[in-house]
Amino acid sequence: MSDRPDLREARRMLPLVMAIAGLGVLTFTLIAPALPDLADELGVSRATIGWIQGVVAMPGVFLALFIGYFYDRAGRRVVVMVSLLLFGLAGTAGFFARSFWPMVAVRAIQGIGTSGILAMGIVVIGDLFPAGASRRWALGLNTAAMTVTGLVAPIVGGALAEVDPFAPFLVFSAAIPLAWFARRLPGAPAGGMHQPPIRHVGDAFASLRSGGRLADFLGLLPFALVWMVVFAGLGSTATPLFLEDEFGASSSLRGLIQAFLAVGSTTGALIAARAAGRFGVSRVFSAGFGLIGVGFALVAAAPALPFVAAGLAVIGFGSGITFPLLQDFVASAVPDAYRGAAVGIFVTAVRVGQSFGPVAGSTMAVTPGARISFTGAAAGSLVIMLVWQPIRRAANRRMTDGHRRGGP
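Here we summarise the structure given alongside this text. (Residues numbered from 1 in each chain as written. Predicted model: local features only at pLDDT ≥ 70, side-chain atom pairs only at ≥ 80, totals over all residues. Heavy atoms only, no water.)

## Some details on helix α2 (residues 35-42)
At step 1: Residues Leu-35, Pro-36, Leu-38, Ala-39 and Leu-42 constitute the buried set of α2. For α2, the angular spread of buried residues about the axis comes to 160°, placing them on one side.
At step 2: Packing partners of the buried residues in α2 comprise α3 (50-54), α6 (100-128), α10 (214-247) and α11 (251-279).
At step 3: Downstream of α2 by a residue or two, Gly-43 has a phi angle that is positive, lying close to 75°. (Buried < 20%, exposed > 50% of the residue type's maximum accessible area, 1.4 Å probe, protein only. Helix = DSSP H or I, 4+ residues; strand = E, 2+ residues; numbered from the N terminus. Arc of directions from axis to C-beta. Contact = heavy atoms within 4.5 Å.)

## Focus: the side chain of Ser-373
At step 1: Within the secondary structure, Ser-373 sits in helix α14 (residues 339-404).
At step 2: In this structure Ser-373 comes out as buried when scored by relative accessible area, which is 7%.
At step 3: Here Gly-369 takes part through its backbone oxygen, which lies 2.9 Å from a polar atom of the side chain of Ser-373.
At step 4: Sequence-distant contacts of Ser-373, defined by excluding residues within four places in its chain, comprise Leu-234, Met-364 and Pro-368. (Polar contact = N/O pair within 3.5 Å; in protein donor to acceptor, adjacent residues only side chain to side chain.)

## Things to note about the pattern of salt bridges
At step 1: Here the structure, examined in full by the defined rule, presents nine salt bridges.
At step 2: A salt bridge links Arg-76 to Asp-127; its shortest N-O distance comes to 2.6 Å. Here Asp-127 lies in helix α6 and Arg-76 lies in helix α5 (residues 76-93), a separation of 51 residues in the sequence.
At step 3: For Asp-127, a relative accessible area of 1% puts it in the buried group.
At step 4: The closest approach of N and O atoms between Asp-127 and Arg-339, which form a salt bridge, is 2.8 Å. Of this pair, Asp-127 sits in helix α6 while Arg-339 sits in helix α14; the two residues are 212 residues apart in sequence, bridging distant segments of the chain. Side by side, Asp-127 and Arg-339 carry an identical accessibility label, which is buried.
At step 5: A cluster of three or more residues bridged by salt bridges with shared partners is formed by Asp-72, Arg-76, Asp-127 and Arg-339. (Salt bridge = Lys/Arg side-chain N within 4 Å of Asp/Glu carboxyl O.)

## Observations regarding the packing of helix α7 (residues 133-163) against α11
Helix-helix packing is described using two parameters, namely the angle between the two axes and the distance between the axes.
At step 1: Their axes nearest at 8 Å, the elements α7 and α11 cross at an angle of 175°. The angle between α7 and α11 falls in the class roughly antiparallel.
At step 2: Across the contact of α7 with α11, the residue classes break down as 17 nonpolar, 11 polar and two charged. (Axes fitted to C-alpha atoms, helices over the stretch in contact; angles between N-to-C directions. Parallel < 35°, antiparallel > 145°, perpendicular 65-115°, else oblique. Nonpolar A, V, L, I, M, F, W, Y, C, P; charged D, E, K, R; others polar.)

See the structure below:
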């Protein structure tokens, strides 16, 4: 942005960005420990309760791209304020939804607000911080804030669920007063974009192609989708069911064990920028995939709860060192005027994974079983570690050759 604030002002605004982004994480992590109890209260099976998590991500599949467009057109501030109000009001309504379909309805409405919140961090940090080390540092801190929330939320959610399985939904009301403070966020990019959505997205892709980043951008979309299916499905949804079935863990204990996922992710996010500077982004990605595979293998073979906690921490660390670097690429791949559109496309892929992941996770926890599913995730992650760089090089060569010949 031509009116990008200096680093001192950007650093002052970063805590607000981190607080808002952290709220978006509550959508999934706060409720996860209560899922078995909610299944009993709502009168549905363990395999069905995953819809309570999955449906909140579904609006983002259809709306994330348009939300990204409105970030560029109406401005960051307006979109975030509206998203926070929807998130807070619909989320709190979950406390009063004491049957299954009303719960599904209010969670779907909450998901509209969640889509705007989750896209916000990458877009606004891209506005506030110049590309390079400072932006990676800020994105790492933002991811750490989200994972710290992911650390605290399962513990709080599990403890509240001991009192009432619906009590965790009251925490979402914190978004309502935070909407007032969101007035400090940046507005629209300089120049005032007034293109129709399809034209704007097309120009964003043209910018990616001219910058030589289209192949990498297209490549990270299926990765983000598949990984979110695994992370939201097995890490966040199947694990609480696994802990109850295999170890008889209470909701508060499930929340405590689940928090180790966030401990690892926070640690990884805090060192991601430094690790990338020292070892290179490609090596950090490969290490992240390998750690995720090792973590899932530990959970699959766990004979006792400490092994589950250790495996979740390793999975979280592998994810934590990977995702801030992905976000940095998305934030830096296009000019400021198209950042909302690029982030919207990326978030659409993430939301598809978050939509289907919990439903798949709760189903896989029953059939074929959690341990077999964790083993499959371990194998898949290790395969990705070995093949992603050759696939990336081949895709870049093919797209570069096609562009030289006048192809797409």
